[in-house]
Amino acid sequence: MERMDFYRTDLVIEHEEMVKHATEEEKDTLEETSGVQFHEEREGPFHITEVLIDEEGASRIGKKEGRYVTLAAPTLQVYEHEQLQQFMALLKRQLQNVFAQHRVAKEDRFLFIGLGNREVTPDAIGPMAMDELKEVIPEYYDESGSDVIVYAPGVTIQTGLETAHFVQAIAEEVSPDAIIIIDALAARDSNRLCKTIQLTDTGIHPGSGVGNARKELSKETLGIPVIAIGIPTVVDGPVLVADAIDTLFRYMSSQIHEATNPSSALSVAPWLRNEPSIDSEVLKPIFGDWAEWPHDDRMALLEEALRSKQLATFIAPKEIDAWVQQYAHLLAKTLREWLSEVKNLQ
């Protein structure tokens, strides 16, 4: 089957070149040949991946030159408040690290932008976060104006104007020293939904992950540092179907092995396994050669088969309302704390 690049994702860690070089040895090869540097570490339940892309790497993999930090909390649940607070504390430290390279100062003026459509729940994190963050404006306001500007420009279908034009007009009027953007993202792995944060100093292409790319917001287009914070809230429909097929294959191969294992006859309930592997040999009599297909090949086939407008869907977790409310509140709180530290108010 012809390979086609259907994957819609805003996460650099899910970029095709990153997925191809998943092992340490492969990452070293990518670093040596393409100007891409990796650093990975774990901190308790969190995974931290930093990717640095230089000019050569940007031309090789098609991602902008700059720094991308991905924070992942694979076991996070929406009502685990303590772990969510820890996740935000980790984000704040990474934000401090990013701005350390851009020499942020106490006197700097910051423009905060919340991208997205507040009327569409998975896309509402940015506007809802701005609703809370705007409460800090009086703390930084004097006769000369405010050092903190907070704005949610909506989306083009609501206003008739490109989001980038709104942001550029405001930036020209208030002359901020840096822009911080919050947006909802698309992922290519359903396990990342609402459990991953991407932080980058390369700016953002609004809507690119869902195939509706608007004009870029970046240092190149606005003349000042643009830091983007994004949380994936949706996956393309075929991605979820492919993930469901993998889950089905794991379950069926596990059940077949249990049925042929004499000890299983003594079990009151099926043995619980953590992500059992797919045994294509036991599935091949049922599904034929398809059981041996790699996940990406199945996903490409599903995308090709389901790309009609009637079946072109993006899917969010069932708890998306709670996730969006949690993240909007916690992001506003985290940015408020970060601002306070920058301004030496604590």
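Our subject in this report is the structure included herewith.

Quick notes on the rules
- Residues numbered from 1 in each chain as written.
- Predicted model: local features only at pLDDT ≥ 70, side-chain atom pairs only at ≥ 80, totals over all residues.
- Heavy atoms only, no water.
- Phe/Tyr/Trp six-rings, centres within 6.5 Å; stacked < 30°, edge-to-face > 60°.
- Buried < 20%, exposed > 50% of the residue type's maximum accessible area, 1.4 Å probe, protein only.
- Helix = DSSP H or I, 4+ residues; strand = E, 2+ residues; numbered from the N terminus.
- Pairing = 2+ DSSP bridges.
- Lys, Arg positive; Asp, Glu negative; His and termini not counted.
- Salt bridge = Lys/Arg side-chain N within 4 Å of Asp/Glu carboxyl O.
- Polar contact = N/O pair within 3.5 Å; in protein donor to acceptor, adjacent residues only side chain to side chain.
- Contact = heavy atoms within 4.5 Å.

A word on the packing of aromatic side chains. Applying the stated rule across the entire model yields nine aromatic pairs. Seen from their ring centres, Phe-110 and Phe-112 are 6.5 Å apart, and the 45° between their planes marks the pair as tilted. Look at Phe-110 and you get buried, because its relative accessible area is 0%. Given a relative accessible area of 0%, Phe-112 falls into the buried group. On the numbers, 5.2 Å between centres and 70° between planes, the contact of Phe-110 with Trp-338 is edge-to-face. A residue pair is termed long-range when its members are at least 10 positions apart, and Phe-110 in strand β4 (residues 110-114) and Trp-338 in helix α12 (residues 320-342) qualify at 228 residues.

So, about the pairing of β4. By the criterion of burial, β4 is predominantly enclosed, with five of the five residues buried. The alternating pattern of β4 places Phe-110, Phe-112 and Gly-114 on one face and Leu-111 and Ile-113 on the opposite face, and all of these are buried. Pairing between β4 and strand β8 (residues 178-187): five bridges, direction parallel. The residue of β8 that forms the bridge with Phe-110 is Ala-178.

Time to look at the side chain of Asp-201. One can find Asp-201 in the loop between β9 (196-200) and α8 (219-222). The side chain of Asp-201 is buried and forms no salt bridge, while Arg-67, the nearest opposite charge, is found at 6.2 Å. Within the local environment of Asp-201, its side chain forms a polar contact with the backbone nitrogen of Arg-67, the two atoms lying 2.9 Å apart. Aside from chain neighbours lying at most four places away, what touches Asp-201 is Gly-66, Arg-67, Val-98, His-102, Val-226 and Ile-227.

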